[in-house]
Amino acid sequence: MCGLAVPYDACCGRLHRGQSTAATPEQLMRSRFSAFAVQDEAYLLRSWHPTTRPPGIDFDPALRWRRLEILDSSGGSAFHTEGTVEFRAHWTRRGQPGALHENSRFLRAGAAWLYLEGNVSG
């Protein structure tokens, strides 16, 4: 799920297993997309800011996450405590395509980036 040129273990697998943390909000967004695709609830909750984290995730068994497009990002360097990522996540449900367009906010908590919230549009 991480991309055609990058194997899962080299991209998101090590993050999902807790062997590493995302270095930027964009890397965290990519790993969260992959976690949704493989239904890794533990990682999604672990990478969610505690002030906005839900008690659990209700995965739709008919939904398949297919592709992630990063449209824009800001902040998120080693010198920032906040960052944003605008993305479009493509999915299919029972063979019908769709997409989720979101502007997400991330906060740094110590050395780790955490997903705070997103504004869904269109």
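Residues numbered from 1 in each chain as written. Predicted model: local features only at pLDDT ≥ 70, side-chain atom pairs only at ≥ 80, totals over all residues. Heavy atoms only, no water.

Colleague: Before we go on, may I ask you to explain the packing of aromatic side chains in this structure?
Modeller: The relation between two aromatic rings is expressed through the spacing of the ring centres and the mutual angle of the planes. Tallied over the entire structure, the rule returns 5 aromatic pairs. With centroids separated by 6.1 Å and ring planes inclined at 75 degrees, the aromatic side chains of Phe 33 and Trp 65 adopt a geometry described as edge-to-face. Of this pair, Phe 33 sits in helix 2 (residues 25-38) while Trp 65 sits in strand 1 (residues 63-75); the two residues are 32 residues apart in sequence, bridging distant segments of the chain. Taking relative accessible area as the criterion, Trp 65 reaches 18% and is therefore assigned buried. Ring plane angle 70 degrees and centroid distance 5.7 Å describe the contact between Phe 106 and Tyr 115, whose orientation is recorded as edge-to-face. Residue Phe 106 is classed as buried on the basis of its relative accessible area, which comes to 1%. (Phe/Tyr/Trp six-rings, centres within 6.5 Å; stacked < 30°, edge-to-face > 60°. Helix = DSSP H or I, 4+ residues; strand = E, 2+ residues; numbered from the N terminus. Buried < 20%, exposed > 50% of the residue type's maximum accessible area, 1.4 Å probe, protein only.)

Colleague: Got a minute to help me understand helix 2 in this structure?
Modeller: Given 3.6 residues per turn, any residue in an α-helix points the same way as the ones three and four places further on. Here helix 2 spans 20 Å end to end across 14 residues, near enough to the 20 Å set by a 1.5 Å rise per residue. Pro 25, Leu 28, Met 29, Ser 31, Arg 32, Phe 33, Ser 34 and Ala 35 are the residues of helix 2 that are buried. Gln 39 occupies a position one or two residues after helix 2 and carries a positive phi of about 55 degrees. (Expected span 1.5 Å × (residues − 1).)

Colleague: In this structure, what is going on with the environment of Asp 40? I would like to understand it.
Modeller: If you trace the backbone, Asp 40 turns up in the loop between helix 2 and helix 3 (41-46). Residues Asp 40 and His 16, 24 residues apart in the sequence, show an inter-C-alpha distance of 7.7 Å. Here Asp 40 is in contact with His 16, Ala 35 and Phe 59, once residues within four sequence places are set aside. (Contact = heavy atoms within 4.5 Å.)

Colleague: Would you take a moment to explain the sheet that holds strand 4 (residues 112-121) for this structure?
Modeller: Note: strands within a sheet are paired through backbone hydrogen bonds, in either parallel or antiparallel orientation. Pairing within the open sheet is antiparallel, and its 4 strands lie in the order 1-2-3-4. Either end of the sheet is taken by a strand with one partner, and the two such strands are strand 1 and strand 4. Taking the axes of each pair of neighbouring strands and ignoring which way they run, one obtains an average angle of 30 degrees across the sheet. Where strand 2 (residues 82-93) lies against strand 3 (residues 96-109), 12 bridges are found, and the strand directions are antiparallel. Among the inter-strand pairings, Glu 82 is bridged to a residue of strand 3, identified as Leu 107. Seen against the sheet, helix 2 touches strand 1, strand 2, strand 3 and strand 4 and runs at an angle of roughly 170 degrees to strand 1. (Pairing = 2+ DSSP bridges. Axes fitted to C-alpha atoms, helices over the stretch in contact; angles between N-to-C directions.)

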